[in-house]
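Each chain, written out:
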Amino acid sequence: MFIFIFQTIWLFIDDIAGKGLDIIIIGKFLFYLMPNLTEKVLPLTVLLSSILTFGALAENYEFAAMKASGISLQRSMLSIIILVVFLGGVTFYFANTVIPAAEQKIYNLRRNIAKVKPAAVIEEGVFSDFEGMNIKVDNKFGNNDKYLQNVIIHKKSNLQKNNTVIKANSGELISSEESDIIQLVLSDGYYYEELVPKAADERKRHPFAKANFETYIINIEIPENTQDLEEERNVRTDKMKNISRLKKDIDSIRENNLTVIGAFSKNIVTRMGAFTPISQRDTVEQIPENQFTRTDTRPLEEIGGDSVQNTSDILGLYQEWQQGQIISAASNAVSNILNSVTGKKQDIQNKYKIYNMHILSLHKKYALALSCIILFFVGAPLGAIIRKGGLGLPMVIAIVLFLAYYFIGVFAGNYAKEGNIHPVLGAWLSTLIMLPLGIFLTRRATADRGLMSFGHVWDVLTEGIRKRFKKKTP
């Protein structure tokens, strides 16, 4: 835990260093991050401790004494197996209650720090939510990062729409401890606002307003003295939910996604005019005069039916200048539909990514608890086989196995979020890979066999050759 906390400090050093935060706030920041680290720390701890413990017992011939007394490896491991199973249950409770609460605490704390220390919220190179507007800067410098370079601001309206865009070459945050107002002074930029008048005629005559400026000042009210850093907000992501909430939201998100896709598909089909049932023409009803002039003098009955094999047969019914209009209209319709599908594609992908992340978070809670038990059955037999205690070889083996377990989990999780593999498989893949390894090592340790015998490997490799070329006796 100590090692991973220091790694976390380096990851968030830009958020907490030089922001004027006191030691208590930094301590709370790290304390709320600790439960989330258990997902990495606990499996490594179980693996390493089991290798060290059983390696030391084997190195000091304790297992040899136990076997001489008629005590098997499984019986000697029984008490620790019960402890590890209990630890798995505690881990499951921890993952279901403590980690979601800590995730919400740390998220709210970071947002509230941004309100108290506004320089902390503006990150370089990305859009940051800052008091009702999204702001992006290329670079921050100066005392407390008060000077900004290449500023882009999207101001939100009352309907939470970005109708106003401001771009400036430079900016400065001016504040004082005596005032609750922070001034954002922008220099050498442009201002654009999309106007939304009530009357339709006004929308056509005045669609937007734009201007350039040398200096533009935005006053932002920050209630620094009254802001509570522990204030809770209803911010719910997949990591902030327990199992019951995840199951409920998974069903809701799935139904919502199906509804959105069904409505979009119906809209596209309607716009295409495809798959629409054609009603039978009433033979008594008189056919109205066509607005187009037909060049084909054949009766309609002869043209209809199977005689129309392709678009050329249909276009042949109209004059040449009309054919160009029809083709242009069809091309525009197809382009509009393709643009609609392309624009909706990213939105639907994001919706299904959220859906996959909820399934992934749900099964990771179960997988984390089971991984502690499985990694124990990997580490304990491995320690008994290598017969080495201390922090030398066991530490190296534990780190190699953990890195394999961790990186398989990371890659599988990323693939699952993008929908390349099923989220259930993404959550369980690393644990399922370690399961046969644990069974293999436990069987070899029970039989008091080494990790790998070269003679055994050679026999396996040459067994087929020996059988094929075995000398036949007359």
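Note that the structure is a prediction, hence the values are computed from the model and not measured.

Some points on the overall build of the protein chain
The secondary structure content of the protein chain amounts to 13 helices and six strands. Across the 474 residues of the protein chain, 32% fall into the buried class. In the protein chain, once contacts between residues fewer than 6 apart in sequence are set aside, the share between residues at least 24 apart is 65%. For the protein chain, the exposed area adds up to about 30,300 Å²; of that, 58% sits on carbon and sulfur atoms.

Brief notes about helix 10 (residues 320-386)
Taking 1.5 Å of rise per residue, 67 residues should cover 99 Å, yet helix 10 covers just 87 Å from first to last C-alpha, more than 12% shy of that figure. For helix 10, the principal kink sits at Ser371 and spans about 30 degrees. Looking one or two residues past helix 10, Arg387 carries a phi angle of roughly 55 degrees, positive in sign.

Considerations on helix 11 (residues 393-417)
In this model, helix 11 (25 residues) spans 36 Å end to end at C-alpha, consistent with the 36 Å of a helix rising 1.5 Å per residue. The complete set of buried residues in helix 11 reads Pro394, Ala398, Leu401, Phe402, Tyr405, Gly409, Ala412, Gly413 and Ala416. If you follow the buried residues of helix 11, they end up packed against helix 1 (2-11), helix 3 (23-59), helix 10 and helix 12 (423-446). Two residues or fewer past helix 11, Gly419 is found with a positive phi of approximately 85 degrees.

Section: the environment of Phe127
With respect to the secondary-structure elements, Phe127 resides in the loop between helix 5 (73-116) and strand 1 (128-129). On the accessibility criterion, Phe127 (42% relative accessible area) is partly exposed. For Phe127 and Val137, which are 10 residues apart along the polypeptide, the C-alpha to C-alpha distance reads 7.9 Å. Not counting residues up to four positions away in its chain, the partners in contact with Phe127 are Asn134, Ile135, Lys136, Ile152 and His154.

Considering the packing of aromatic side chains
As enumerated under the stated definition, the model contains 11 aromatic pairs in all. Taking 5.9 Å as the distance between ring centres and 55 degrees as the angle between the ring planes, the aromatic pair formed by Phe31 and Tyr32 counts as tilted. For Phe31, a relative accessible area of 55% translates into the label exposed. Classification of Tyr32 by relative accessible area gives buried; the value is 14%. Site record: aromatic cluster; members linked through ring pairs are Phe402, Tyr405, Tyr406 and Phe407.

As for the nonpolar core
In this structure, Leu47, Met77 and Phe376 are the most contacted members of the largest nonpolar core, which totals 34 residues. Within the residue set of this core, elements represented by two or more residues are helix 1, helix 3, helix 5, helix 10, helix 11 and helix 12. No other element matches helix 10, which puts 11 residues into this core.

Section: unusual backbone geometry
A negative phi angle characterises most non-glycine residues, just as the trans form characterises most peptide bonds. Look at Tyr61: it is not a glycine, yet its phi comes out positive at around 60 degrees. With respect to the helices, strands and loops of the structure, Tyr61 is situated in the loop between helix 3 and helix 4 (62-68). Look at Tyr61 and you get exposed, because its relative accessible area is 62%. Positive phi outside glycine occurs at Asn150, with the angle close to 55 degrees.

Examining the side chain of Asp249
The residue Asp249 is located in helix 7 (residues 243-272) in this model. Owing to a relative accessible area of 12%, Asp249 belongs among the buried residues under this scheme. Beyond its immediate stretch of four places on either side in the chain, Asp249 contacts Lys241 and His358.

Overview of the environment of Met357
Turning to its location among the elements, Met357 is positioned in helix 10. C-alpha of Met357 to C-alpha of Pro423: the two residues are 66 residues apart in sequence and 7.5 Å apart in space. Beyond its immediate stretch of four places on either side in the chain, Met357 contacts Asp238 and Lys417.

Here's the deal with the packing of helix 7 against helix 10
One way to put it is that helix 7 packs onto helix 10 with a least axis distance of 10 Å and a crossing angle of 165 degrees. As judged from the angle between their axes, helix 7 and helix 10 are roughly antiparallel. Judged by the sense of rotation from one axis to the other, the crossing of helix 7 with helix 10 is left-handed. Residues belonging to the contact of helix 7 with helix 10 are distributed by class as follows: 19 nonpolar, six polar and seven charged.

Some words on the confidence of the model for the protein chain
Reading predicted coordinates in detail is not appropriate for stretches of low pLDDT. When the pLDDT values of the protein chain are averaged, the result is 76; 72% of them are 70 or greater. When pLDDT is averaged over each element of the protein chain, helix 12 comes out on top at 87 and helix 8 (residues 300-303) at the bottom at 50. For the stretch residues 223-234, pLDDT sits under 50, and the model shows 29 contacts to residues farther than four places along the chain or on other chains. Here residues 453-458 scores under 50 on pLDDT; set against residues more than four positions off or in separate chains, the count is three contacts.

What about the pattern of salt bridges?
Enumeration over the complete set of coordinates arrives at five salt bridges. Of the charged contacts in the structure, one is a salt bridge between Asp249 and Arg245, with a shortest N-O distance of 3.0 Å. Pair noted here: Asp249 and Arg245 are both in helix 7, with a separation of four residues, about one helical turn. Three or more residues are tied together by salt bridges with common partners; here these are Lys241, Arg245 and Asp249.

Parameters at a glance
- Residues numbered from 1 in each chain as written.
- Predicted model: local features only at pLDDT ≥ 70, side-chain atom pairs only at ≥ 80, totals over all residues.
- Heavy atoms only, no water.
- Helix = DSSP H or I, 4+ residues; strand = E, 2+ residues; numbered from the N terminus.
- Buried < 20%, exposed > 50% of the residue type's maximum accessible area, 1.4 Å probe, protein only.
- Contact = heavy atoms within 4.5 Å.
- Areas by Shrake-Rupley, 256 points an atom, 1.4 Å probe, with all protein chains shown as cover.
- Expected span 1.5 Å × (residues − 1).
- Bend = angle between axes of the 7 residues up to and from the residue.
- Phe/Tyr/Trp six-rings, centres within 6.5 Å; stacked < 30°, edge-to-face > 60°.
- Core = buried A, V, L, I, M, F, W, Y, C linked by side-chain atoms within 4.5 Å.
- Axes fitted to C-alpha atoms, helices over the stretch in contact; angles between N-to-C directions.
- Parallel < 35°, antiparallel > 145°, perpendicular 65-115°, else oblique.
- Left-handed = near helix turned anticlockwise from the far one by under 90°.
- Nonpolar A, V, L, I, M, F, W, Y, C, P; charged D, E, K, R; others polar.
- pLDDT = per-residue confidence, 0-100.
- Salt bridge = Lys/Arg side-chain N within 4 Å of Asp/Glu carboxyl O.

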